[in-house]
Amino acid sequence: MSKKVLIVDDEPNIVAALEFLLEKNGYEVKVAVNGVDALEQLDAFRPDLVLLDVMVPRLSGYEVCQRMRTEPRWQAIKIVMLSAKGREVEVSKGMSLGADLYVTKPFSSAELVATIHNLLRPQGA
Amino acid sequence: MKAGGKLALWVAILFAGGAAVPFATGLAVLAVLPAAEHDVVMRVLAERMPLVVFGAMALLALAAVVARWFFAAYVAPVATLAERTRAARSAQAAARVASEGGAELAQLAREIERMAADMRRLRADADARVRESRADLEEERNRLAALMSELVEGVLVCNDEGRVLLYNEQARALLSGEPGSSTVPPVGLGRSIFSLIDREQVVHAIEKLERSRQRGEAAPRTRFVAPTGSGRLVKFEAVPYRGARAELGGIVFTLGDVTGLLEREAQRLAVLQSIATQARAPVANIRAAAENLARYPEMESERQRQFVEIIASESLGLSRSIQGALQAYGEALKASLVLEDMRVLDLLRVAEGRIRAQAAVEVELEPADESLWLAVDSFTFVQALCFLAARLKEDYRVRQVRLRARRADRFVELDLGWRDGVVAHDALVHWEHEPLSVGAQESPLTLRDVLERHGGELWRQRQGPAGEREACFRFLLPAGEPVAAPAFPPAAIESRPEFYDFDLFAHGGTAQDLRARTLGELSYTVFDMETTGLAPSAGDEIISVGAVRIVNGRLLKSEIFEKLVDPRRPLNPDSAKVHGIDARMLEGQPAIEEVLPGFHKFCEDTVLVAHNAAFDMRFLELKQKSAGVRFEQPVLDTLLLSAVAQPGLQDHRLEAIAERLGVPVIGRHTAVGDALLTGEVFLRLLALLRERDIATLGQALDASRETFYARLRY
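Summarised in this report is the structure supplied together with it. (Residues numbered from 1 in each chain as written. Chains lettered and ligands numbered in written order. Predicted model: local features only at pLDDT ≥ 70, side-chain atom pairs only at ≥ 80, totals over all residues.)

## Digging into the overall build of chain A
Here is step 1 of the chain: Looking only at helices and strands, chain A has five helices and five strands in total.
Here is step 2 of the chain: Moving toward the C terminus, one meets the helices and strands of chain A in the order β-α-β-α-β-α-β-α-β-α.
Here is step 3 of the chain: Counting all 125 residues of chain A, 36% fall into the buried class.
Here is step 4 of the chain: For chain A, the proportion of contacts with a sequence separation of at least 24, taken over those separated by at least 6, is 59%. (Helix = DSSP H or I, 4+ residues; strand = E, 2+ residues; numbered from the N terminus. Buried ≥ 20, exposed ≤ 12 C-beta atoms within 10 Å, placed from the backbone. Contact = placed C-beta atoms within 7 Å.)

Spelled out as structure tokens, the structure:
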């Protein structure tokens, strides 16, 4: 069964590229365009990994991340935060709030896919 | 006239007076008597001649007795009394004024004695008051000097002529760097500030201050940034002080080093510049390629691949340059002029007090690492902490917060924690954009603004075993750099009070003819040189120059010029025994041509003083041309001045004079040691010269010349 990735971002250009790339690599992809939408999709779509942009409307990526990490049923979902803010303090904040990875824009799409692949590999494999 | 002569005169006068009455009466009677009776009287008188002579003798004796008594009782005692009165006037302790003369004189003496006692009392009072106020003044000055030397900032005060009245070591270091440098003008009392700071800057500052005053501003101040001789970029803050009649008395400058800050500011601009320029070309290329691809979807696959290639490679380059620029920007961000480096522990202590007072929340302060520093705008940051504490109390009934900090790589984690409340996860989301108002204290800033200003982040962090009830708000802030406590040698403490001289306030203009100025008010450079030998014209060279300044009658031991000089010729081993300088010490030292310009600056506006000055001046004259300077100042010679002050003595060697005048002879035969000794001797000689009515420079120069010729003849 293919792994599921939820993309949370409100920039259509990057969403289009990521969606295309992840589908090409065999993932099942869904898109949420704001924080509230993202939380709803967690239960509806049950993703294995969330690509979470920090600057999304309604609920920020940090808040979505923080809520996911306080909710036991979402503990297993991997979180990769994406941000155009690349300062170290923001990276630290993301990691402290429970992200598995914090990737700053611009990034190499091929490397991102490889990273996602690594995160979703079954433990010990 | 001698007392004996006076007495004889008085006896004669008394006798003449006493004799005149019967004699004149006799003559008058004889004149009116008829001739017959006249003869009878004459005959009777002739017969009684011995009686007449006896009468005259008796009269003379009486006159002598009266005169002697009068002299003993009233004349001589008056002179004695006058002498005793004089003695009583100049005596420190009670001196008895009495008279062995007549009763009236004795009474007068008692009155004088009473008056002398009154006068002594008054004088003692006045002395005590003077001593007291002098001690107060001295104490105040020392306190001021101590305060000044403790300050991290440089402080320099000048009068309205631009003469330096006061400075501290920090100001000196910022303005002229290494002491004794030959290229940088030295900082010194009484020296002109215009050689240290660009004249235009100072004039402009004075104008601005004057305008502020005219507008009626209560506390005018102005600031400017200027490069200084030490190669630093210094921020000057100028505040005027008023003279006795509210005119501009002078300016107090506060100096701070902003070299680093401005460098970082420039760096920041460069980063922005580079992002802007480096991004243009790749963006243009990507855009052109992308537009082609979009407009001509049917283009041949080879061309299509080429454009795609362009976009891929250009975006990669663009990514890299932005990444690089942002990394540099992260460093440059700390350049913000509102952030200052502060010890975290100090910041937390301030916050502790403010949170208690303003938010009425108890604070527990965990001990923080002493070596932890933050780049912080402490006022707004403490405000932010206060705000958070107040909101925690209002919305979640938190009664006690905990403050703690620890290092996290290049950052500092600062936690505001609590144990007794469940705080909603999104509490911060709402608070982040509210104004930081606590009670009545309003602020236009939000928590977000404060974080932006500090380049920091904030989130709610769970911690501890108590789970939800024990959590904290965590600030992540860029660490600051420790501000080094100024490392000045403790030896400076002793010489502290020399860094200021308020008597210079009273100084008049400098344009007066130097010759007419009194010796006490002039500034001097006392100097000495060690040489390879005694014959400058035969190729002997200077190997060290030492000098010290005298300003307002004070030897400024902290304003010293001291340089070793490479003589560019071998040293005579015998001379090394005198001055203790060997060839190795002179290796790599500057040549005299490099040293003299610095020495020339050091001597500016002063009278030169040296012992046996002719010797030193001869060396200077031979060297000044190649060094491109001229020593045109008047020169005083302590050897000649000593001969003027103590003409009866023959030995005017420096040690001999020093011993006679009670100056301890120490540290001889180094240039500075000798200059210091000469300076001490010179100051004592000035006192002796005053007693000989040599008060002005002109008089001292003339007297020196005379005694010089006198000695030649001798």
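## Focus: the overall build of chain B
Here is step 1 of the chain: The helix and strand tally for chain B stands at 21 helices and 17 strands.
Here is step 2 of the chain: Here chain B holds 714 residues, and 28% of them are scored as buried.
Here is step 3 of the chain: Taking the contacts inside chain B whose residues are at least 6 apart along the sequence as the reference set, 67% of them involve residues at least 24 apart.

## Some remarks on unusual backbone geometry
Residue and element names in this part refer to chain B.
Here is step 1 of the chain: Phi is positive for R397, close to 55°, though the residue is something other than glycine.
Here is step 2 of the chain: Structurally, the position occupied by R397 is in the loop between α10 (378-396) and β9 (400-408).
Here is step 3 of the chain: Assessed through the 10 C-beta atoms surrounding it within 10 Å, R397 is described here as exposed.
Here is step 4 of the chain: With a phi close to 60°, D409 is a non-glycine residue in the positive phi region.
Here is step 5 of the chain: For D409, the position within the fold is in the loop between β9 and β10 (411-418).

## Re the nonpolar core
Residue and element names in this part refer to chain B.
Here is step 1 of the chain: The biggest cluster of nonpolar side chains holds 78 residues, and the ones touching the most others in it are V526, V545 and A547.
Here is step 2 of the chain: In terms of residue count, the dominant contributor to this core is helix α20 (residues 671-691) (ten residues).
Here is step 3 of the chain: Setting aside residues up to four positions removed in sequence, V545 forms contacts with F527, M529, F561, K563, V565, V595, F599 and A671.
Here is step 4 of the chain: Listed in part, the 44 residues of the second largest apolar core include V398, V401, V438 and F473. (Core = buried A, V, L, I, M, F, W, Y, C linked by C-beta atoms within 7 Å.)

## A look at the pairing of β10(B)
All names here are of chain B.
Here is step 1 of the chain: As paired elements, β9 and β10 share eight bridges and run antiparallel to each other. Each residue of the ladder has a partner; that of R404, found in β10, is D415.
Here is step 2 of the chain: The antiparallel pairing of β9 with β10 creates a hairpin that spans two residues between the two strands, and D409 there sits at a positive phi of about 60°.
Here is step 3 of the chain: Judged from the eight bridges that link them, β10 and strand β12 (residues 471-478) form a sheet pairing that is antiparallel. The partner of D415 across the bridge, within β12, is R474. (Pairing = 2+ DSSP bridges.)

## Some thoughts on helix α18 (residues 638-645) of chain B
Here is step 1 of the chain: Most of α18(B) sits inside the fold, with eight of its eight residues counted as buried.
Here is step 2 of the chain: Residues of α18(B) that are buried include every one of B:T638, B:L639, B:L640, B:L641, B:S642, B:A643, B:V644 and B:A645, and no others.

## Concerning the interface of chain A and chain B
Buried accessible area, meaning the area lost when the parts come together, often serves as the stated size of an interface.
Here is step 1 of the chain: If you look at the interface, chain A gives 14 residues, while chain B gives 15 residues.
Here is step 2 of the chain: Broken down by secondary-structure element, the contributors of at least two residues to the side of chain A that touches chain B are α3 (61-70) and α4 (88-96) of chain A.
Here is step 3 of the chain: Its residues assigned to classes, the side of chain A that touches chain B shows four nonpolar, five polar and five charged. (Nonpolar A, V, L, I, M, F, W, Y, C, P; charged D, E, K, R; others polar.)

## Thoughts on the sheet that holds β9(B)
Here is step 1 of the chain: Taken in spatial order, the five strands make up an open sheet running β7-β9-β10-β12-β11 (chain B), and their pairing is mixed. At either margin of the open sheet sits one strand with a lone partner, and together these are β7 (362-365) and β11 (457-462) of chain B. Mean inter-strand twist for the sheet, computed between neighbouring axes without regard to direction, equals 25°.
Here is step 2 of the chain: Across the sheet, α4(A) is in contact with β10, β11 and β12 of chain B; its angle to β11(B) comes to roughly 20°. (Axes fitted to C-alpha atoms, helices over the stretch in contact; angles between N-to-C directions.)

## A word on the packing of helix α16 (residues 592-603) of chain B against helix α17 (residues 613-627) of chain B
Residues and elements named next belong to chain B.
Here is step 1 of the chain: The geometry of α16 relative to α17 is characterised by a closest axis approach of 9 Å and an angle of 95° between their N-to-C directions. Taken together, the axis directions place α16 and α17 in an arrangement best described as roughly perpendicular. On α17, the residues touching I592, E593, L596 and P597 of α16 are K623, Q624, S626 and A627.
Here is step 2 of the chain: Across the contact of α16 with α17, the residue classes tally to four nonpolar, two polar and two charged. (Parallel < 35°, antiparallel > 145°, perpendicular 65-115°, else oblique.)

## Some words on the sheet that holds strand β4 (residues 233-242) of chain B
Residue and element names in this part refer to chain B.
Here is step 1 of the chain: Spatially, the five strands line up as an open sheet ordered β2-β1-β5-β4-β3, and their pairing is antiparallel. Of all the strands in the sheet, just β2 (164-167) and β3 (222-227) have a single pairing partner and so form its edges. Strand-to-strand, the axes of this sheet are offset by a mean angle of 25°, without reference to chain direction.
Here is step 2 of the chain: Here β3 runs beside β4; their pairing, made up of six bridges, is antiparallel. Within the sheet, the bridge partner assigned to F224 lies in β4 and is F236.
Here is step 3 of the chain: Helix-sheet contacts for helix α6 (residues 199-214) involve β3, β4 and β5 (248-257), and the interaxial angle to β3 is about 175°.

## Details of helix α2 (residues 35-47) of chain B
Here is step 1 of the chain: End to end, α2(B) covers 18 Å across 13 residues, agreeing with the expected 18 Å (1.5 Å per residue, within 8%).
Here is step 2 of the chain: In terms of burial, α2(B) is largely open, as just zero of its 13 residues are buried. (Expected span 1.5 Å × (residues − 1).)

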